[in-house]
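# Structural description and commentary
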Amino acid sequence: MKQSHGNIKKHIHTLSCGKVYEHLCDNLDAKLDSESCRRIKAHIKGCKNCSALLDSLKKTVYLYKQYPAPALPEQSRKKLFAVIHMEKAKKRPAR
Amino acid sequence: MTASLDSHNDTTLIARIKKGDERAFAQLVKRYEQTVWGFAFKLCRNKEKAEESFQDTFINVFRKIDQFDSRSKFSTWLYTIVANNCLMNRRKRKLEGLLESLDEAPDIENEDVQRQLATWDDSPVEVMMNKELREQMDAAIQELPDEYKVVFVLRDLEEKTAEETAKILKLSVPAVKSRLRRSRIFLRHKLHGLMTA
């Protein structure tokens with residue numbers, strides 16, 4: 001259901017920054033179309049500070065996502081199967 | 001022969017492993033080794049510890065495969081094992097009080113806070129990923145208590161839903177959301193000095 005521009009404007013004023021902060025972190029890129037989500041998005045759009053806070057949180061997450069992870073060392077795999085082989089030998093009933 | 005196992009779904013592979021099929025286990029490792037390695041490294045931030053966690057996880061899978069209920073999702077069970085390995089060495093929760101204080105909204109009417117928020121605007125993240133930043137990022141995330149770090153990694157880096165994260169960690173969804181919020185704010189606060197330098 002679409003909201004009129006007037007309604008959105010009203011929501012900016014009825015939602016406090018504190019209330020927005022509580023929900024700001026739930027889902028930074030929420031594409032949900034619930035009433036509360038629309039209200040929060042409308043507030044952020046019109047509030048410079050909440051918008052800056054959201055942006056800095058997104059950048060924080062983005063930085064951690066970009067952090068390069070090293071490749072799995074080949075010897076780890078070999079070591080694992082050596083241990084598994086021993087485990088299997090232990091499991092086998094003695095003759 | 002291994003190639004033919006490629007097409008088997010997890011349930012079939014696990015049924016074969018339960019019957020003692022070693023090749024099926026090798027196939028399962030191949031399928032999930034990057035997932036386990038990536039998750040372990042993001043949690044440990046250290047290659048040696050990640051390797052240890054990698055080994056322990058798959059050894060646990062091998063030992064406990066009979067306990068796995070095939071009606072559940074295998075990856076959820078796997079993530080639980082890696083997380084438990086990490087949490088076994090949980091540190092004292094010395095930051096618990098600080099993290100709880102992050103539930104309060106910052107005073108964004110305050111001029112200092114406004115200045116802090118504005119400065120992030122101009123930081124191009126692409127040029128920031130240098131050695132110094134990586135070290136700071138490692139230090140910041142290592143300061144988070146493990147039970148917070150694991151939520152941040154699962155939700156934001158592994159992109160699990162709040163519901164799946166809750167299932168993996170056996171937490172409620174509100175607890176996941178609360179820990180995620182505190183973790184993000186804490187990390188943001190820790191990186192602030194670099195973003196504004």
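What counts, and at which threshold
- Residues numbered from 1 in each chain as written.
- Chains lettered and ligands numbered in written order.
- Predicted model: local features only at pLDDT ≥ 70, side-chain atom pairs only at ≥ 80, totals over all residues.
- Helix = DSSP H or I, 4+ residues; strand = E, 2+ residues; numbered from the N terminus.
- Buried ≥ 20, exposed ≤ 12 C-beta atoms within 10 Å, placed from the backbone.
- Contact = placed C-beta atoms within 7 Å.
- pLDDT = per-residue confidence, 0-100.
- Expected span 1.5 Å × (residues − 1).
- Nonpolar A, V, L, I, M, F, W, Y, C, P; charged D, E, K, R; others polar.
- Arc of directions from axis to C-beta.
- Domains from an automatic or database assignment.
- Core = buried A, V, L, I, M, F, W, Y, C linked by C-beta atoms within 7 Å.
- Axes fitted to C-alpha atoms, helices over the stretch in contact; angles between N-to-C directions.
- Parallel < 35°, antiparallel > 145°, perpendicular 65-115°, else oblique.
- Left-handed = near helix turned anticlockwise from the far one by under 90°.

## Description of the overall build of chain A
Each helix and strand in chain A was counted, giving five helices and zero strands. When the helices and strands of chain A are read in sequence order from the N terminus, they spell out α-α-α-α-α. For chain A, with 95 residues in total, the buried portion stands at 21%. Counting contacts in chain A only where the partners sit at least 6 residues apart, residues at least 24 apart contribute 74% of the total.

## Considering the overall build of chain B
Helix and strand counts for chain B stand at 11 helices and zero strands. Expressed as a percentage of its 197 residues, the buried residues of chain B come to 33%. Within chain B, residue pairs in contact and separated by at least 24 positions form 66% of the contacts whose partners lie at least 6 positions apart.

## Topic: the confidence of the model for chain A
Looking at chain A, the pLDDT average stands at 75 and 69% of residues meet or exceed 70. Per-element confidence in chain A is highest for helix H4 (residues 48–66) of chain A, whose mean pLDDT is 88, and lowest for helix H1 (residues 5–14) of chain A, whose mean pLDDT is 45.

## Focus on helix H4 (residues 47–64) of chain B
For H4 of chain B, which comprises 18 residues, the first-to-last C-alpha distance of 25 Å matches the rise-based estimate of 26 Å (1.5 Å per residue) to within 8%. Within the span of H4 of chain B, buried status applies to Ala 50, Glu 51, Ser 53, Phe 54, Asp 56, Thr 57, Phe 58 and Val 61 of chain B. Packing partners of the buried residues in H4 of chain B comprise helix H5 (74–91) of chain A together with helix H3 (22–44) and helix H5 (74–87) of chain B.

## Thoughts on the interface of chain B and chain A
Opposite the 39 residues of chain B that make contact, chain A presents 32 residues. Counting only elements with at least two residues in the side of chain B that touches chain A, the list comes to H3, H4, helix H7 (111–120), helix H8 (131–143), helix H9 (146–157) and helix H11 (173–195) of chain B. No other element matches the nine residues that H3 of chain B contributes to the side of chain B that touches chain A. Looking at the side of chain B that touches chain A residue by residue, the class counts come to 21 nonpolar, five polar and 13 charged.

## Side note on helix H2 (residues 10–18) of chain B
Residue and element names in this part refer to chain B. Turning to H2, its buried residues are Leu 13, Ile 14 and Ile 17. Mapping the buried residues of H2 onto a view down its axis gives an arc of 95°, with all of them on the same face. A positive phi of about 95° marks Gly 20, the residue just after H2.

## A short note on the environment of Phe 25 of chain B
Tracing the backbone shows Phe 25 of chain B in helix H3. Judged by local crowding, Phe 25 of chain B falls into the buried class, with 21 C-beta atoms found within 10 Å. When the C-alpha positions of Phe 25 of chain B and Phe 58 of chain B are compared, they lie 9.5 Å apart, and in sequence the two are 33 residues distant. With residues up to four places along the chain from it excluded, the contact list for Phe 25 of chain B reads Ile 84 of chain A together with Ile 17 and Phe 62 of chain B.

## Section: the domain arrangement of chain B
Think of interface size as the accessible area that goes away when the parts come together; that is how it is often given. Residues and elements named next belong to chain B. The domain boundaries assigned to chain B delineate domain 1 (2–87) and domain 2 (96–195). At the junction of the two partners, domain 1 supplies 10 residues and domain 2 supplies 15 residues. Elements represented by at least two residues in the side of domain 1 that touches domain 2 include exactly H3 and H5. For the side of domain 1 that touches domain 2, the element with the most residues is H5, which contributes six residues. In terms of residue class, the side of domain 1 that touches domain 2 is made up of six nonpolar, two polar and two charged.

## A word on the confidence of the model for chain B
Fine structural detail should not be taken from predicted coordinates in areas where pLDDT scores are low. Residues and elements named next belong to chain B. A residue-level look at chain B finds 76% of positions with pLDDT of 70 or above and a mean pLDDT of 82. Considering each helix and strand of chain B separately, the mean pLDDT is smallest for helix H1 (residues 2–5), with a value of 58, and largest for helix H10 (residues 162–169), with 95. Of the two predicted TM-score estimates for the complex, the pTM is 0.78 and the ipTM is 0.77.

## A few points about the nonpolar core
In summary, soluble globular proteins display a tendency toward joint burial of nonpolar side chains. Formed by 44 residues in total, the largest nonpolar core has its most connected members in Val 36, Ala 40, Val 82, Val 150 and Val 151 of chain B. Element by element, the count of residues in this core is highest for H3 of chain B, at 10 residues. Both of domain 1 (2–87) and domain 2 (96–195) of chain B provide at least three residues apiece to this core. Look past the residues within four positions of Val 150 of chain B in its chain and what remains in contact with it is Leu 43, Ala 83, Cys 86, Leu 87 and Leu 169 of chain B. Among the nonpolar cores identified, the runner-up in size contains nine residues, and Val 20, Ile 44, Leu 53 and Leu 54 of chain A belong to it.

## A short note on the packing of H8 of chain B against H11 of chain B
Residues and elements named next belong to chain B. Orientation of H8 relative to H11, taken along the N-to-C sense of each, is 155°, at an axis distance of 9 Å. Classed by the angle they form, the pair H8 and H11 counts as roughly antiparallel. Relative to H11, H8 is oriented so that their crossing is right-handed. Here Leu 133, Gln 136, Met 137, Ala 140, Ile 141 and Glu 143 of H8 lie close against H11, whose contacting residues are Leu 187, Lys 190, Leu 191 and Leu 194.

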